[in-house]
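Observations on the three-dimensional arrangement
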Amino acid sequence: MTDTSPLAADLAPRILAGDRRALARAVTLVESTRPDHRADATALTEALRGHGRQALRIGLSGTPGVGKSTFIEAFGMALVEAGLRVAVLAVDPSSSRSGGSILGDKTRMDRLAREPSAFIRPSPSSTHLGGVTRRTREAVALCEAAGFDVVLIETVGVGQSETMVAQMCDIFVLLLAPAGGDELQGVKRGIMEMADLILVNKSDGDLKPAATRTVADYAGALRLLRKRPQDPDGFPKALPVSAVTGDGIAGAWGDMQALARWRRDHGWWDRARATQAAHWFEAEVREGLLARLKRDPEVRRAMEDRAEDVAAGRVTPDAAAAEMLEWLKA
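A few points on the structure. (Residues numbered from 1 in each chain as written. Predicted model: local features only at pLDDT ≥ 70, side-chain atom pairs only at ≥ 80, totals over all residues. Heavy atoms only, no water.)

1. Re the overall build of the chain
Under the convention used in this document: A helix here means a DSSP run of H or I that spans at least four residues, while a strand means a run of E at least two residues long, and both kinds are numbered starting from the N terminus. Exposure is judged per residue with a 1.4 Å probe applied to protein chains only, and the accessible area is read against the type maximum: over 50% gives exposed, under 20% gives buried, and values in between give partly exposed. Every residue pair with non-hydrogen atoms within 4.5 Å of one another is taken to be in contact.
When you go through the chain residue by residue, the secondary structure sums to 13 helices and seven strands. Relative to its 330 residues, the chain shows a buried fraction of 44%. Considering only residue pairs separated by 6 or more positions, the chain has 76% of its internal contacts joining residues 24 or more positions apart.

In structure tokens:
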């Protein structure tokens, strides 16, 4: 167990009291890669362990231009108006060259950002695969400790690597735009199999007929997938929604609540969270081992030597990797 640091001792009770400034500072702390900050972040998450609060964690992914930010604002406003506290963790793509990101989600959700019952935190992906930052999981736990009822996790875009978000949420929502049948081929089967709800956005105006057809296409595709034991009858399902008019949002929220209740009542909720915790423990061990290896000068030199051999064509990548692993065992 990690000893509580002075910073963790200061932040923990303030977070539990719902202090938004303390929460924002804590998220910054857990996102930092500085060794002293990592120690404080670990101490903080340990200090908050066992608070007994659970939010409904909703992961949201979608193709670029589908209107994720617009939908999240409309959805978040509906939840706030229903008396719920909502946290939004929005991940912006980082440049692989400079490491920078625009972090524009807060400006795209200006109405929700002004709500006292809402907390919006844009974070750079830092080129991390999985559609989420490496520390999104810890940020979610902080929001739960701060008493938020719903935590929305917006991912970078849609792709096979983004299914990592399913390892930190209770409900996984895939947001799509109205399109022809060919669009169905563009969505990876893996992410389809992860989705609990497929919401076809922009189901209004001239696009409404196309949206209705798209919902039917995806509903048909979902029926072909093998039924998952953690789903009641009728799930996963596809629904039409409009972030502009608000149509379908109440129905989608009702389905999310019904699915969450069913999974709680049948033991799937606790089982999934336990599996997720074990997954992230293993991920932290892997990341920690890699970090230690990279810091070792002798290991770094050995890696560089073999990388030169691979680049020069003197050895295949597989053979070089096997040789490197044998060297590490020696």
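2. Re the packing of helix α2 (residues 20-31) against helix α3 (residues 35-48)
Stated formally: Axis definition: a line fitted to C-alpha atoms, limited for helices to the stretch in contact. Angles are taken between N-to-C directions and run from 0 to 180 degrees. Oblique is the label for any angle not covered by the other classes, which are roughly parallel (under 35 degrees), roughly antiparallel (over 145) and roughly perpendicular (65 to 115). Crossing handedness: left-handed means the near helix sits turned counterclockwise from the far one by under a right angle, and right-handed means the same turn made clockwise. Gly is placed with the polar residues, together with every amino acid not listed as nonpolar (Ala, Val, Leu, Ile, Met, Phe, Trp, Tyr, Cys and Pro) or charged (Asp, Glu, Lys and Arg).
Running from N to C, α2 and α3 cross one another at 125 degrees; their axes reach a closest spacing of 8 Å. One finds that α2 runs oblique with respect to α3. For α2 against α3, the interelement crossing comes out left-handed. Judged by residue contacts, Ala26, Leu29 and Val30 of α2 engage His37, Arg38, Asp40, Ala41 and Leu44 from α3. A class-by-class count of the residues in the contact of α2 with α3 yields five nonpolar, one polar and two charged.

3. Digging into empty space enclosed by the protein
What counts here: Lining residues are those with an atom within 4 Å of a point, where the points come from a 1 Å grid over the protein atoms alone and group into cavities, where a 1.4 Å probe fits but cannot get out, or pockets, open sets with protein on both sides within 12 Å along at least five of seven lines. Grid points are joined across faces, edges and corners, and a volume is the space filled by probe spheres set on the points.
Counted under the stated rule, the structure contains one cavity of 30 Å³ or more. By volume, the largest cavity is sized at about 40 Å³. For the lining of the largest cavity, the secondary structure elements donating two or more residues are β2 (86-92) and α7 (136-145). Class assignment of the residues belonging to the lining of the largest cavity gives a composition of three nonpolar, two polar and one charged.

4. Overview of a nonpolar patch on the surface
Worth spelling out the cut-off: Patches here are clusters of residues that have more than 30% relative accessible area and form no salt bridge, with a 9 Å joining cutoff for like charges and a 5 Å cutoff for nonpolar side chains (Val, Leu, Ile, Met, Phe, Trp, Tyr). Surface exposure here means Shrake-Rupley accessible area, sampled with a 1.4 Å probe, where a residue is shielded only by the protein chains that are shown. Any carboxyl oxygen of Asp or Glu within 4 Å of a side-chain nitrogen of Lys or Arg constitutes a salt bridge here.
A surface patch of nonpolar side chains, about 410 Å² in accessible area, is lined by Leu290, Leu293, Leu325, Trp327 and Leu328. Top element by residues in the nonpolar patch is helix α13 (residues 317-329). It accounts for three residues. Inspection of the secondary structure puts Leu325 in helix α13. On the basis of relative accessibility, which here comes to 52%, the residue Leu325 falls in the exposed class.

5. Section: the environment of Thr42
You can see Thr42 is positioned in helix α3. With 96 residues separating them in the primary sequence, Thr42 and Glu138 have C-alpha atoms 9.4 Å apart.

6. Quick look at the environment of Ala43
By the secondary structure assignment, Ala43 is in helix α3. Overall, Ala43 belongs to the buried group, its relative accessible area being 1%. For the pair formed by Ala43 and Ala9, sequence separation is 34 residues and the distance between their alpha carbons is 8.6 Å.

7. Some words on unusual backbone geometry
Of the consecutive residues Phe235 and Pro236, the connecting peptide bond is found in the cis state with omega at -5 degrees. By the element assignment, Pro236 lies in the loop between α9 (208-224) and β7 (237-240). The phi dihedral of Lys202 is positive, around 65 degrees, even though this residue is not glycine. Within the secondary structure layout, Lys202 lies in the loop between β6 (197-200) and α9. A relative accessible area of 30% places Lys202 in the partly exposed class.

8. Points about the layout of surface pockets
If you add up the space inside the second largest pocket, you get close to 720 Å³. What lines the second largest pocket is a set of 28 residues, among which Ala166, Met194, Arg228, Gln230 and Arg263 lie closest to the centre. Broken down by secondary-structure element, the contributors of at least two residues to the lining of the second largest pocket are α8 (189-194) and α11 (268-295). Sort the elements by how many residues they give to the lining of the second largest pocket and α11 lands first, with seven residues.

9. A word on helix α10 (residues 249-265)
Using the following cut-off: Helix span, expected: 1.5 Å multiplied by one less than the number of residues in the helix. The arc under discussion is defined with respect to the helix axis, by the directions toward the C-beta atoms.
Its 17 residues give α10 an end-to-end C-alpha distance of 24 Å, which sits within 8% of 24 Å, the value for a rise of 1.5 Å per residue. Turning to α10, its buried residues number three or more, namely Ile249, Ala252, Trp253, Asp255, Met256, Leu259, Ala260 and Arg263. Looking down the long axis of α10, one finds its buried residues gathered within 160 degrees of arc, a one-sided arrangement. Residues of α10 that are exposed and point more than 90 degrees away from the buried face comprise Ala250 and Asp265. At the C-terminal side of α10, Gly267 shows a positive phi close to 85 degrees.

10. Let's talk about the nonpolar core
Quick reminder of the rule: Residues belong to one nonpolar core when they are buried, are Ala, Val, Leu, Ile, Met, Phe, Trp, Tyr or Cys, and are joined through side-chain atoms within 4.5 Å. Domain delimitation in this document rests on an assignment produced automatically or drawn from a domain database.
Membership of the largest hydrophobic core comes to 48 residues, with the highest contact counts inside it found for Ile15, Leu44, Leu142 and Ile198. Looking at this core, the element that brings in the most residues is α2, giving six residues. Both domain 1 (1-51) and domain 2 (52-266) contribute no fewer than three residues apiece to this core. Residue contacts for Leu142: discarding those within four places in its chain leaves Ile15, Leu23, Ala26, Val27, Val30, Leu44 and Leu48. Counting residues in hydrophobic clusters, the runner-up holds 36 residues, among them Met109, Ala118, Leu197 and Val241.

11. Some points on the packing of aromatic side chains
Stated precisely, the cut-off is as follows: The pairing test for Phe, Tyr and Trp rings, Trp by its six-membered ring, is centres within 6.5 Å, and the orientation test on the planes gives stacked under 30 degrees, edge-to-face over 60, and tilted for anything in between. Whether a charge sits over a ring comes down to the Lys NZ or Arg CZ being within 6 Å of the ring centre and within 35 degrees of the ring normal.
Tallying each qualifying case throughout the model produces three aromatic pairs. Geometrically, the ring pair formed by Phe71 and Phe75 is stacked, given 5.6 Å between the ring centres and 15 degrees between the ring planes. Of this pair, Phe71 and Phe75 both sit in helix α4 (residues 68-81), four residues apart, which is roughly one turn of the helix. On the basis of relative accessible area, Phe71 is assigned to the buried category, the value being 1%. Residue Phe75 is classed as buried on the basis of its relative accessible area, which comes to 2%. Put simply, the rings of Phe71, Phe75 and Trp253 pair up and form one aromatic cluster. A cation sits over an aromatic face here: Arg264 above Trp269, 3.7 Å from the ring centre. Here the guanidinium or amino end of Arg271 rests over the ring plane of Trp268, the centre of that ring lying 4.3 Å away.

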